[in-house]
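Okay, here's what each chain looks like letter by letter:
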Amino acid sequence: MATLETTVNGLKLPNPFVIASGPPGTNANVIGKAFDEGWGAVICKTVSLDASKVINVQPRYARLRSRKSGEIYGWENIELISDRPFATWIDEFKKVKDQYPDRILIASIMEEYHRDAWHEIVHRCQEAGVDAFELNMSCPHGLPERKMGSAMGENPDILEEVCGWVKEVAKRPVWAKMTPNITHIEDPSRASLRAGCDGISAINTIRSVIGVDLETLRPEPTVEGYTTLGGYSSQAVMPIALRMCLEIATVIKHEFPDRTLSGVGGIETGNDAAQFILLGCDTVQVCTAVMKSGYGIVKPMQEQLLAFMERHAFARVEDFRGHSVQFFTTHADLVRRQTEARAVKKVEAEQKKVVKTDAEWHGDDFVKQTDALARG
Ligand SMILES: Cc1cc2nc3c(=O)[nH]c(=O)nc-3n(C[C@H](O)[C@H](O)[C@H](O)COP(=O)(O)O)c2cc1C
């Protein structure tokens, strides 16, 4: 019987499905709801020490729909990190851990470029009982104006320094969340792992312009006639997230084999999750799909992932994690493999032409069959 139970950086999860940082983990009520529905872990909406600087706007989401079915496949947001006071969050972390002592609660944290601030936020969250940290080094909008989020994540030197500050005081596992808005995701991933982070999460949203309203001529989502660059998520980003997870998984496998990877970006089904795990992820995170379809989607996701595992006789997630990484190679190697395979097929086809009994002679290939039996 296959099981979805898995242990990641010493954290025991009933299944690898994790609520990604965002609206689905935005207060104690919804975190409780996620645990009740069966999510394996919850990463809270990103918290910071001074929420008074966080001021959100409305509307802050815009969506892309399939021209045929109307289904949402792309989602842009210009939402900031949590606007709720840090003291409230600390109370709620304690409340959630009292109520769900066996469930994994991960604090997503973000601070400005000050060592003391990072030390304080880590100390206070771990005193409140959180099980692990995710460092938001990746939010692409709003916060970079304050040199936070992806402003740090896009600079491997700063990233390494800040991850080092966190590791000086963290007594729980630390994952660094990567921004996809860079050329080589291996560079910031390596920097975080060099600083001692226990795992990587990838990806945050992709910097985007979702569209322009052709009546008003204003870009969306429009706030008082204007907008700002946003972050793109949902099904449309999955191929990019898969590619980046593959690249990070390769770094982890060869250079940091004891570290872990949490895949995020467009995951909506158990089969989507299976693909991230096949490319090296230990866990999978979901944000926009919960906003589209609700917390209950974790049940069909679990069932589909288990059905996949049973079809292939995989007993545990660890049995197929990273299995498909070996099938990536260079284009030149693809050409070589195809040339060799075609040569083998040609020889086989030639051999088929050799008649073994007189009944195999036929008029159409008579001359070729004769040649196949001749020397010289
Ligand atoms: C509305 C919204 C708010 C988000 N807020 C946060 C956040 O506070 N911290 C963070 O690290 N990521 C945040 N994210 C990014 C998600 O955690 C995730 O990395 C991204 O959306 C891709 O996954 P998805 O396609 O499953 O949504 C947010 C995403 C959305 C759509």
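Just so it is clear, the structure is predicted and the values come from calculations on it, not from any experiment.

Definitions and cut-offs
Residues numbered from 1 in each chain as written. Predicted model: local features only at pLDDT ≥ 70, side-chain atom pairs only at ≥ 80, totals over all residues. Domains from an automatic or database assignment. Near = placed C-beta within 6 Å. Nonpolar A, V, L, I, M, F, W, Y, C, P; charged D, E, K, R; others polar. Helix = DSSP H or I, 4+ residues; strand = E, 2+ residues; numbered from the N terminus. Expected span 1.5 Å × (residues − 1). Buried ≥ 20, exposed ≤ 12 C-beta atoms within 10 Å, placed from the backbone. Arc of directions from axis to C-beta. Contact = placed C-beta atoms within 7 Å. Pairing = 2+ DSSP bridges. Axes fitted to C-alpha atoms, helices over the stretch in contact; angles between N-to-C directions. Core = buried A, V, L, I, M, F, W, Y, C linked by C-beta atoms within 7 Å. Right-handed = clockwise from strand over helix to strand, strands pointing away. Parallel < 35°, antiparallel > 145°, perpendicular 65-115°, else oblique. Left-handed = near helix turned anticlockwise from the far one by under 90°.

## Some thoughts on the domain arrangement of the protein chain
Many descriptions give the size of an interface as the accessible area lost when the pieces come together. For the protein chain, the assigned domains are domain 1 (6-324) and domain 2 (331-372). A separation of 54 Å is found between the C-alpha centroids of domain 1 and domain 2.

## A word on the site of the ligand
The local shell around the ligand holds 27 residues, among which Ala-20, Gly-22, Ser-233, Cys-287 and Thr-288 are the closest. Looking at the shell around the ligand residue by residue, the classes come out as eleven nonpolar, 13 polar and three charged.

## Digging into helix 5 (residues 156-169)
For helix 5, built from 14 residues, the straight-helix expectation of 20 Å at 1.5 Å per residue is met to within 8% by its first-to-last C-alpha distance of 21 Å. All buried positions along helix 5 are accounted for by Pro-156, Leu-159, Val-162, Cys-163 and Val-166. End-on, the buried residues of helix 5 take up no more than an arc of 130°, which puts them together on one face. Against the buried residues of helix 5 lie helix 3 (115-127), strand 8 (132-136), helix 4 (150-153), strand 9 (174-177) and helix 6 (186-194).

## Concerning the sheet that holds strand 11 (residues 206-208)
Think of a sheet as strands paired side by side through backbone hydrogen bonds, with each pair either parallel or antiparallel. Taking strand neighbours across the sheet as the criterion, the four strands line up as 5-6-12-11 in an open arrangement whose pairing is antiparallel. Unpaired on one side and paired on the other, strand 5 (61-65) and strand 11 mark the two borders of the sheet. Strand-to-strand twist across the sheet, computed as the mean angle between neighbouring axes with direction ignored, equals 35°. In the sheet, strand 6 (residues 72-77) pairs with strand 12 (residues 230-233) via three bridges, with the strands oriented antiparallel. Each bridged residue has a counterpart across the sheet, and for Trp-75 the counterpart in strand 12 is Ser-233.

## What to know about helix 10 (residues 298-311)
Spanning 14 residues, helix 10 covers 20 Å between terminal C-alpha atoms, matching the ideal 20 Å at 1.5 Å per step. Along helix 10, the residues classified as buried are Val-298, Met-301, Gln-302, Leu-305 and Met-309. Angular distribution of buried residues about the axis of helix 10 spans 100°; they occupy a single face of the element. Projecting away from the buried face of helix 10 at angles above 90 degrees are the exposed residues Glu-303, Glu-310 and Arg-311.

## Overview of the nonpolar core
Counting 89 residues, the largest nonpolar core has Val-42, Ile-106, Phe-133, Ala-202 and Cys-245 as the members making the most contacts within it. Residue contributions to this core peak at nine residues, all from helix 7 (residues 238-255). Ignoring anything within four residues of it in the chain, the contact list for Ala-202 reads Met-178, Ile-185, Ala-241, Met-244, Cys-245, Ile-248, Gly-263 and Val-264.

## Points about the pairing of strand 12
Judged from the three bridges that link them, strand 11 and strand 12 form a sheet pairing that is antiparallel. If you follow Ile-206 over to strand 12, its bridge partner there is Tyr-232.

## Comments concerning the pairing of strand 10 (residues 199-202)
Where burial is concerned, the two faces of strand 10 agree: the one with Gly-199 and Ser-201 and the one with Ile-200 and Ala-202 are both buried. In this fold, strand 9 hands off to helix 6, which returns the chain to strand 10; that crossover is right-handed. As paired elements, strand 10 and strand 13 (residues 260-264) share four bridges and run parallel to each other. Residue pairing for strand 13: Ser-201 is matched across the bridge by Ser-262.

## With respect to the packing of helix 5 against helix 6
Contact pair helix 5 / helix 6: the axes reach a minimum separation of 8 Å and the direction vectors enclose 25°. On the basis of their axis angle, the class for helix 5 and helix 6 is roughly parallel. Crossing geometry of helix 5 relative to helix 6 is assigned as right-handed. Contacts from Pro-156, Leu-159, Glu-160 and Cys-163 of helix 5 reach helix 6 at Asp-187, Pro-188, Ala-191, Ser-192 and Arg-194. Partitioning the contact of helix 5 with helix 6 into residue classes produces five nonpolar, one polar and three charged.

## Some remarks on the sheet that holds strand 10
Taken in spatial order, the eight strands of this closed barrel run 3-4-7-8-9-10-13-14, and their pairing is parallel. Mean inter-strand twist for the sheet, computed between neighbouring axes without regard to direction, equals 25°. The pairing of strand 13 with strand 14 (residues 283-286) spans three bridges and is parallel. Directly across from Gly-263, in strand 14, lies its bridge partner Val-284.

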